[in-house]
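Structure assessment
Given next are the chains, with one letter for each unit.
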Amino acid sequence: MCRWAAYVGAPIFLEEIISRPGHSLIHQSHCATQCHSAINADGFGVAWYADRPEPGLYRDVMPAWSDPNLRSLTAQVRSGLFMAHVRASTGTATSRNNCHPFVHGQWSFMHNGQVGGYDQFRRDADMMIPDGLYGARKGATDSEAIFLVAIAEGLDGDPRGALERASARFIALARAKGALPHLRLTAALSDGHRLYAVRYATDDHAPSLYYRWSATRGGMAVVSEPLEAEEGGWHEVPASSFCTFDGADVKMEEFLPCRLAAAA
């Protein structure tokens, strides 16, 4: 399982989430506490929004803790909306194209979880990506495939519904050709204006997800694990939830792709 962190609010330096806290994302890359894999060394990535609609993107295959360029970048770049990810592969190769976040146009997406038995039906999953989007398929992960299928399902106009429909298609495929768990999906996505997050699993083991509003920063942190062990104010996102973060407000909606998959 991977670890990730995202932020939306008043612009801050990326290091305030990624590297400076006691249990920052870089610390979690070699000392995670709320997942099966404490080490997340199969690459990392950062996507951030600034003066252009499309996000900036920096990814590499090195462990996050050993890349001095990452620390330098996070100390110098300021953003009001960004996301970062440290990867523990569930089967696909360690390569830059398989590192999260994934971006397409103004959208960015990152994922912690898995599609059960994905290697057994990777070709079928690729065939769900329309021809017009398939050129954007750079890697081989289930996460990137879900992202591109969600774009095809109407992510621009209906983020929750599009991701729910895409997830349902992968659940149906995993049920037919894959293995348990059919889907575990704790993900963050953004169009550069709002930050969205989802926590879901077809079993009882949805990967962890928390959020916290900081009046001092004037922003919301959304994370796999709280960034400070002794810091209060962290709220756990319930399973089967889709969240929209807008300032200090959090809108939570049901996220139940299993209902759509059952009807397929």
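Residues numbered from 1 in each chain as written. Predicted model: local features only at pLDDT ≥ 70, side-chain atom pairs only at ≥ 80, totals over all residues. Heavy atoms only, no water.

Let's talk about the overall build of the protein chain
What counts is decided by this rule: Each helix corresponds to a stretch of at least 4 residues labelled H or I by DSSP, and each strand to a stretch of at least 2 residues labelled E; elements are numbered beginning at the N terminus. Any residue under 20% of the maximum accessible area for its type is buried, any over 50% is exposed, and the rest in between are partly exposed; the area is computed with a 1.4 Å probe on protein chains only. Residue contacts are counted whenever heavy atoms from the two residues lie within 4.5 Å of one another. In these tables, accessible area is a Shrake-Rupley quantity obtained with a 1.4 Å probe, and a residue counts as shielded only by the protein chains included in the view.
Looking only at helices and strands, the protein chain features eight helices and 13 strands. Taking all 264 residues of the protein chain together, the buried fraction comes to 55%. Considering only contacts within the protein chain whose residues lie at least 6 apart along the sequence, 66% involve residues at least 24 apart. For the protein chain, the exposed surface amounts to about 10,800 Å²; the carbon and sulfur share of it is 47%.

Description of the pairing of strand β2 (residues 44-48)
Worth spelling out the cut-off: The criterion for strand pairing is that DSSP finds at least two bridges linking the strands in question.
β2 sits mainly inside the fold: five of its five residues count as buried. Every second residue of β2 is oriented toward a common face, with F44, V46 and W48 on one face and G45 and A47 on the other, all of them buried. Direction of pairing for β2 relative to strand β3 (residues 56-60): antiparallel, over a ladder of five bridges. Residue pairing in the sheet places A47 in a bridge with L57 of β3.

Let's talk about empty space enclosed by the protein
For clarity, the threshold we go by: Both cavities and pockets are sets of points on a 1 Å grid over the protein atoms alone; in a cavity a 1.4 Å probe fits but cannot get out, in a pocket the set is open with protein on both sides within 12 Å along at least five of seven lines, and lining residues sit with an atom within 4 Å of a point. Grid points are joined across faces, edges and corners, and a volume is the space filled by probe spheres set on the points. Lys, Arg, Asp and Glu make up the charged group, whereas Ala, Val, Leu, Ile, Met, Phe, Trp, Tyr, Cys and Pro make up the nonpolar group; the residues left over, Gly among them, are polar.
Here the structure, examined in full by the defined rule, presents two cavities of 30 Å³ or more. Approximately 40 Å³ is the volume found for the second largest cavity. In this structure, the second largest cavity is lined by I18, L25, I26, F44, G45, V46, A64, L70, A84, H85 and V86. At the level of secondary structure, the elements contributing two or more residues to the lining of the second largest cavity comprise α2 (25-31), β2 and β4 (78-86). Each residue belonging to the lining of the second largest cavity can be placed in one class, and the counts come to nine nonpolar, two polar and no charged.

What to know about helix α6 (residues 142-152)
Across the eleven residues that make up α6, a large majority, ten, are buried. When we look at burial in α6, the residues that qualify are D142, S143, E144, A145, I146, F147, L148, V149, A150 and I151. The inward-facing, buried residues of α6 abut β5 (102-104), β6 (107-114), α5 (131-134) and α7 (159-177). Within two residues after α6, G154 carries a phi angle of roughly 105°, on the positive side.

Here we look at the sheet that holds strand β7 (residues 184-190)
Quick note on the threshold: Inter-axis angles, ranging from 0 to 180 degrees, are taken between N-to-C directions of lines fitted to C-alpha atoms, where helices are fitted over the stretch in contact.
Read across the sheet, six strands follow the order β5-β6-β7-β8-β12-β13 without closing on themselves; strand pairing throughout is antiparallel. The open sheet is flanked by β5 and β13 (249-254), the only strands paired with a single partner. Sheet twist, expressed as the average angle between the axes of neighbouring strands with direction ignored, equals 20°. Pairing analysis gives five bridges linking strand β8 (residues 195-201) to strand β12 (residues 241-246), with the strands arranged antiparallel. By the bridge assignment for β12, L195 is matched with F245.

Details of the packing of aromatic side chains
Heads up, the condition is: The criterion for an aromatic pair is that two Phe, Tyr or Trp rings (for Trp, the six-membered ring) have centres within 6.5 Å, with stacked assigned to planes under 30 degrees apart, edge-to-face to planes over 60 apart and tilted to the rest. Throughout this description, the term charge over a ring refers to an Arg CZ or Lys NZ atom that lies within 6 Å of the ring centre and within 35 degrees of the ring normal.
If you walk through the whole model with that rule in mind, you get nine aromatic pairs. Centroid distance F109 to F147: 5.2 Å. Interplanar angle 5°. Geometry classified as stacked. Of the two residues, F109 sits in strand β6 while F147 sits in helix α6, which places them 38 residues apart along the sequence. For the residue pair F109 and F147, the accessibility class agrees, reading buried in each case. Clustering of aromatic rings is evident, with ring pairs tying together W107, Y196, Y200, F242 and F255. Against the face of F13 rests R78, its NZ or CZ located 4.2 Å from the ring centre.

A word on the pattern of salt bridges
Quick reminder of the rule: Within this document, salt bridges are pairs made up of a side-chain nitrogen of Lys or Arg and a carboxyl oxygen of Asp or Glu, the two lying within 4 Å of each other.
As enumerated under the stated definition, the model contains 15 salt bridges in all. A salt bridge links E164 to R160, with the nearest nitrogen and oxygen atoms 3.1 Å apart. Highlighted residues: E164 and R160, both in helix α7, separated by four residues, approximately one helical turn. The exposure class of E164 is buried, given its relative accessible area of 8%. Its relative accessible area of 23% is what places R160 among the partly exposed residues. Here D203 ties to R184 by a salt bridge, and the two come within 2.6 Å at their closest N and O atoms.

Quick look at the pairing of β4
Of all nine residues making up β4, eight are buried, and the element is well covered by its neighbours. Where strand β1 (residues 3-13) and β4 come together, eight bridges link them in antiparallel fashion. Residue pairing for β4: F13 is matched across the bridge by R78. Taken together, the five bridges between β2 and β4 define a ladder with antiparallel strand orientation. Bridge pairing links A47 to M83 in β4.

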